[in-house]
Amino acid sequence: MSLGGKVAVVTGAAKGIGKAIAEIFLQNGAKVVLLDVDEPAGKSLKYDLDQQFGEDRSLFMKCSVESDEDIKAALQSTVDIFGSIDILCNNAGILKEDDWEKTISINLGGVIRMTYTALEHMNKRSGGQGGVVVNTSSVAGLDPLLSCPAYSATKHGVVAFTRAMAAASSASEYGIRFNVICPVRVQTDFFSSVSQNFGRFSHLLGALQKSSERALDPSEVAECVLDLVMDEMKNGETVLLSQSGKKYVTFPQNLW
Ligand SMILES: NC(=O)C1=CN([C@@H]2O[C@H](COP(=O)(O)OP(=O)(O)OC[C@H]3O[C@@H](n4cnc5c(N)ncnc54)[C@H](O)[C@@H]3O)[C@@H](O)[C@H]2O)C=CC1
Ligand SMILES: CCCCCC(=O)/C=C/C=C\C=C\C=C\[C@@H](O)[C@@H](O)CCCC(=O)O
């Protein structure tokens, strides 16, 4: 899939990995809708992107992935202004082990909420043009991290939701591919603030030290997302992204 003229929606786009995804899509010719709850950071990024790519290439909208109302309004505005939704990146996430209900609501609920509303615009069976969804899980979505059980559960949920949606979309002829990326530690604000958010398991944070030699740069994650968007053969893929590169994860088959 060439990105020229395509429209991408990215959640949690104001900073970190979401920002890097937005930038690489713009560099490759797409129009990008930046969604985030952090309005000052979103507006500031939009200003910077306007200088680099032109005002007509991106939009920022304040949108919480916890709010059905915000999501409906943001996606309708995207279609009204840019004409379609071709690419969706469900990337927004938090880690607050002591507020595990919010962690579930954003990390897993947000992915499901956003996907189901976006399907109304993208699904070929309901007049959409099809497209591709790439979700941001984590290595914690494949190998649970002892310091953050609730976060790990949400990220396992994102992997499962993505794989099930890929199969459901193919079987229903929606024309939408679904893939998920599982990065190890990435150098963003998420990690610098996260140590306060481990709650009852904060004493176990040090146990993760051996699991990550260097943090990835957000641009490395964005390149992996771009590959999954552009390669039309990729559907239902789970990609582990570590310091040694990309690995396509395989799961047991025919269990029942
Ligand atoms: N940084 C890391 O080491 C890793 C991060 N991840 C995942 O990558 C994703 C992005 O994380 P980072 O860029 O590192 O974090 P970040 O904290 O730099 O950026 C996350 C963005 O999500 C936004 N956000 C939070 N709640 C939101 C909501 N309700 N609605 C919309 N936007 C919301 C924040 O305002 C922020 O701009 C998350 O899903 C995270 O779990 C996965 C593996 C490693
Ligand atoms: C640890 C949970 C945060 C969630 C981020 C995520 O999804 C995946 C993280 C993967 C690996 C984490 C490695 C953690 C290492 C830490 O013990 C420590 O080495 C990091 C120090 C943080 C810093 O840079 O100051």
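Residues numbered from 1 in each chain as written. Chains lettered and ligands numbered in written order. Predicted model: local features only at pLDDT ≥ 70, side-chain atom pairs only at ≥ 80, totals over all residues. Heavy atoms only, no water.

*Asks:* Looking at this structure, I do not really get the site of ligand 2. What am I missing?
*Replies:* Taken together, 16 residues surround ligand 2, and among them Ser-138, Tyr-151, Arg-185, Leu-205 and Leu-208 come closest. Between Tyr-151 and ligand 2, the recorded distance is 2.7 Å, taken from a side-chain N or O atom to an oxygen atom. At 2.9 Å, a side-chain N or O of Arg-185 approaches an oxygen atom of ligand 2. Starting from 620 Å² of accessible surface for ligand 2 in isolation, the protein chains cover 79%. (Near = heavy atom within 4 Å. Polar contact = N/O pair within 3.5 Å; in protein donor to acceptor, adjacent residues only side chain to side chain. Areas by Shrake-Rupley, 256 points an atom, 1.4 Å probe, with all protein chains shown as cover.)

*Asks:* Even after reading the chapter, I still don't get the packing of helix α1 (residues 16–27) against helix α2 (residues 39–53), so can you show me in this structure?
*Replies:* To characterise two packed helices, one gives the angle between the axes of the helices and the distance between these axes. Running from N to C, α1 and α2 point in directions that differ by 20°, and their axes come no closer than 12 Å. Comparing their axes, α2 and α1 come out roughly parallel. Of the two elements, α1 crosses α2, and the hand of that crossing is right-handed. Of α2, the residues touching α1 (which contributes Lys-19, Glu-23, Leu-26 and Gln-27) are Leu-45, Leu-49 and Phe-53. (Axes fitted to C-alpha atoms, helices over the stretch in contact; angles between N-to-C directions. Helix = DSSP H or I, 4+ residues; strand = E, 2+ residues; numbered from the N terminus. Parallel < 35°, antiparallel > 145°, perpendicular 65-115°, else oblique. Left-handed = near helix turned anticlockwise from the far one by under 90°. Contact = heavy atoms within 4.5 Å.)

*Asks:* Any chance you could explain helix α4 (residues 100–122) here in plain terms?
*Replies:* Because an α-helix completes one turn every 3.6 residues, residues spaced three or four positions apart along the sequence face the same direction. Helix length check: α4 (23 residues) gives 31 Å between terminal C-alpha atoms against 33 Å at 1.5 Å per residue, within 8%. When the local axis directions of α4 are compared, the greatest deviation, roughly 45°, occurs at Gly-109. (Expected span 1.5 Å × (residues − 1). Bend = angle between axes of the 7 residues up to and from the residue.)

*Asks:* Looking at this structure, I do not really get the nonpolar core. What am I missing?
*Replies:* Here is a general trend for soluble globular proteins: nonpolar side chains tend to be buried in one another's company. Residues Phe-25, Ile-87, Val-225 and Val-229 are the most contacted members of the largest nonpolar core, which totals 36 residues. Those residues in contact with Ile-87 that sit more than four places away from it in its chain are Met-1, Leu-3, Lys-6, Val-7, Ala-8, Val-9, Phe-25, Met-122, Val-132 and Val-229. Counting residues in hydrophobic clusters, the runner-up holds 32 residues, among them Leu-35, Met-114, Met-122 and Val-133. (Core = buried A, V, L, I, M, F, W, Y, C linked by side-chain atoms within 4.5 Å. Buried < 20%, exposed > 50% of the residue type's maximum accessible area, 1.4 Å probe, protein only.)

*Asks:* Help me understand the environment of Ala-74 in this model?
*Replies:* By the secondary structure assignment, Ala-74 is in helix α3 (residues 68–82). If we ignore the near neighbours within four places in the chain, the residues touching Ala-74 are Leu-35, Met-61 and Cys-63.

*Asks:* Would you explain the site of ligand 1 in this entry?
*Replies:* Around ligand 1, 28 residues are found, and the nearest of them are Ile-17, Asp-36, Tyr-151, Val-186 and Thr-188. At 2.8 Å, a backbone N or O of Ile-17 approaches an oxygen atom of ligand 1. Within the side chain of Asp-36, one N or O atom sits 2.6 Å away from an oxygen atom of ligand 1. When isolated, ligand 1 has an accessible area of 830 Å², and the protein chains bury 94% of it. For the shell around ligand 1, the secondary-structure elements that each account for two or more residues are α1, α5 (149–172) and α6 (189–194). When residues in the shell around ligand 1 are grouped by element, the largest group, three residues, is from α6.

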